[in-house]
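Report on the structure
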Amino acid sequence: MLLSDEPRTAPGELDALIEEARQRTRKRRRRIAVVLLVAAAGVTYLVGSGGGGGSARTDSSGHGAPLPGGAARGEAQSIAATRLAVLPNLSYFALLAPGEGWAVNGVSFYLTNDDGAHWKTLVVPKLTGGDVAANLFSWASVGRNDIFLSYSTGRSYGSCTHSSGAGPSKHVYTIGSVARSINRGRTWQLSTLPGCVFAASLSFLNARTGFALATPTGRTLRPELLVTRDGGRTWRRVAVIPFFGTIDFATATDFWGLASQVERRYTGPDPAPLVSTLYHTTNGGLSWQRQPICTTAAAPGTYTVCGPPHFFGPNTGVLPVTTIDRHIGRAWLTVERTTNGGRTWSGTRLPSTPATQPILDTGTAGRFVAVSTTNWIALIGPRLYETTDAGSHRTTLVPKPSTSNVFEYEFDFVSARDGWMIEAPITPAGTNHAPSVFEYTTNGGRTWHPLAKQ
């Protein structure tokens, strides 16, 4: 493994570059349903550009030219784990084990094993050299070693088989790839997905079997389900599916999908709300059935938005549901739970919170994590709610420092005690353009330790 010094970019230039990429990424994340809706309408160039701001391009140098169904092997390049002079303005992260995980911003891909006190900079094949966060579409992990990343590795003109010129048409399509590491990012295996698609969602049952919800950037724009049986080296199409969104496994044949989009029928003066639909398949994705739990509320000005479901085996799953009432300016989170594979659900409603602009933009009232079938953690405004018995009883905490006036971009726990968060203060105008802060907790969210400039 090649060792090198941290790039000697001037602090002001580095901050400006990171902040610019972070702002683009935040906007893309908060408006992801709008992006998917635009993609469905046929604006392929926007998707091909990596969400606005990336410098993705077809490149035959480095780790090998991207060919449909092919694979290229890449050696990760890293620096020694050192305390950085400036902590990166992180955009996304994924916890792999207590204190250990990866994170990205607009510049680099990082790895830490001590809750962010020290970071390694890892080079993922064809993910560097541009806006890293904007080009990253989705990710998944199996345990602490196997990491899967979906991202753009370039653009193609005409079709994915005409990558060197204008081809038969002037359309520009995204080349989507999936990289896999089996050693926590030291080395990577890169495979290009078949056709002009990118994986908007990844879900792996184990280190070898996984599915990808593929979003085409070609003219048909019909979402597809892809499967791999060899750890992401090769992929094949299972079926065309009826929604754009995310997927989650229960078993190899039984899994769930969530579609989110802008409410097209809304005619009010405010921005149109997000709505969502839950889908279920029991035959490996060949056919899907809509589930009624995520239907929009009937009362005018009130609507519901489901968050991604998470299942622990074929029967038990949890589903966060946000309800927003614009008349009274309040929002609340209800945690729905099933123990019979989704046939029936029972809900635990948490206290309401003001419907701030970030909540209206994302359709998410607070952050929710299911550590296990019965151990849940929810952060809503200034309070943290914990339960160890699936909501029958809960503990209410006030985290320190206060989270009463912040927006949490990312929030996750890998155990009942160990969690990470990226937050930014909410400005008086209701937006969140202040620099983000990375924080960690080792006592179940009671105390958070912010890491800013070292």
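Residues numbered from 1 in each chain as written. Predicted model: local features only at pLDDT ≥ 70, side-chain atom pairs only at ≥ 80, totals over all residues. Heavy atoms only, no water.

1. Structural notes on the overall build of the protein
How we decide: Under the DSSP-based scheme used, a helix requires at least four consecutive residues in state H or I and a strand at least two consecutive residues in state E, with every element numbered from the N terminus. Accessibility here uses a 1.4 Å probe with only protein chains present; expressed as a share of the type maximum, an area under 20% marks a residue as buried, one over 50% as exposed, and anything in between as partly exposed. In this description, contact between two residues means that some pair of their heavy atoms is separated by no more than 4.5 Å. Each accessible area is a Shrake-Rupley estimate made with a 1.4 Å probe; only the visible protein chains count as cover when residues are assessed.
Each helix and strand counted, the protein has 5 helices and 31 strands in total. When burial is assessed residue by residue, the protein has 54% of its 454 residues classed as buried. Contacts spanning at least 24 positions in sequence make up 54% of the contacts within the protein whose residues lie at least 6 apart. Summed over its atoms, the accessible surface of the protein is roughly 18900 Å², and 53% of this surface lies on carbon and sulfur atoms.

2. Some points on the sheet that holds strand 11 (residues 210-216)
Let me state the cut-off plainly: Paired strands, as defined in this entry, are two strands with at least two bridges between them according to DSSP. For every element, the axis is a line fit to its C-alpha atoms; helices are fit only across the contacting stretch, and the angle between N-to-C directions ranges from 0 to 180 degrees.
Across the sheet, which stays open at both edges, the 4 strands sit in the order 10-11-12-13 with antiparallel pairing between neighbours. Of all the strands in the sheet, just strand 10 (197-204) and strand 13 (236-240) have a single pairing partner and so form its edges. The average angle at which neighbouring strand axes cross in this sheet is 30 degrees, direction not considered. Summarising the sheet, strand 11 and strand 12 (residues 224-228) pair through 5 bridges and their orientation is antiparallel. What sits directly across from Leu213, in strand 12, is Leu225.

3. Concerning the environment of Gly363
For Gly363, the position within the fold is in the loop between helix 5 (357-362) and strand 24 (367-370). Residues Gly363 and Ser260, 103 residues apart in the sequence, show an inter-C-alpha distance of 9.8 Å.

4. Quick look at the sheet that holds strand 26 (residues 383-387)
Read from one edge to the other, the open sheet built from 4 strands follows the order 24-25-26-27, with strand pairing classed as antiparallel. Each of the sheet's edge strands pairs with one partner strand only, and the pair in question is strand 24 and strand 27 (395-397). In this sheet, adjacent strand axes meet at a mean angle of 15 degrees when their direction is disregarded. By the bridge criterion, 5 bridges tie strand 25 (residues 376-380) to strand 26 in an arrangement that is antiparallel. Bridging from a neighbouring strand, Ile380 pairs with Arg383 of strand 26.

5. Here we look at the environment of Ile175
Looking at where Ile175 falls in the secondary structure, it is placed in strand 8 (residues 172-181). Separated by 22 residues in sequence, Ile175 and Thr153 place their C-alpha atoms 5.7 Å apart.

6. Thoughts on the packing of aromatic side chains
For clarity, the threshold we go by: For Phe, Tyr and Trp, rings pair up if their centres lie within 6.5 Å, where Trp contributes its six-membered ring, and each pair is then called stacked (planes under 30 degrees apart), edge-to-face (over 60) or tilted (otherwise).
By the definition in use, this model includes 24 aromatic pairs. Ring geometry for Phe411 against Trp448: centres 6.0 Å apart, planes inclined by 45 degrees, an arrangement best described as tilted. Here Phe411, found in strand 28 (residues 406-413), pairs with Trp448, found in the loop between strand 30 (437-441) and strand 31 (449-451); they are 37 residues apart in sequence, far enough to count as distant. Residue classification places Phe411 among the buried residues on the basis of a relative accessible area of 9%. Since its relative accessible area comes to 3%, Trp448 is described here as buried.

7. Here's the deal with the pairing of strand 3 (residues 100-104)
Of all the 5 residues making up strand 3, 5 are buried; the element is thus mostly covered by neighbouring parts of the structure. Side chains Glu100, Trp102 and Val104 project from strand 3 onto one buried face, and the interleaved Gly101 and Ala103 project onto a second face that is buried too. With 5 bridges connecting them, strand 2 (residues 92-97) and strand 3 associate as antiparallel partners. Looking at strand 3, one finds that Ala94 is bridged to Trp102. What sits between strand 2 and strand 3 in their antiparallel hairpin is a turn of 2 residues, with Gly99 showing a positive phi close to 80 degrees. Sheet analysis places strand 3 next to strand 4 (residues 109-112), joined by 4 bridges and oriented antiparallel.

8. Brief notes about the side chain of Asp115
Test applied: For the purpose of charge, His is not counted, nor are the chain termini; Lys and Arg are scored as positive and Asp and Glu as negative. Criterion for a salt bridge: a side-chain nitrogen of Lys or Arg within 4 Å of a carboxyl oxygen of Asp or Glu.
Here Asp115 lies in the loop between strand 4 and strand 5 (120-122). In this structure, Asp115 is buried with no salt-bridge partner, the nearest side chain bearing the opposite charge being Arg417 at 11 Å. Non-local contacts of Asp115, meaning those with residues more than four positions away in its chain, are made with Gly99, Trp420, Phe438, Tyr440, Thr442 and Leu451.

9. Concerning the pattern of salt bridges
Per the counting criterion, the structure on display carries 5 salt bridges. Sharing partners across several salt bridges, the network here consists of Glu100, Arg144 and Arg184.

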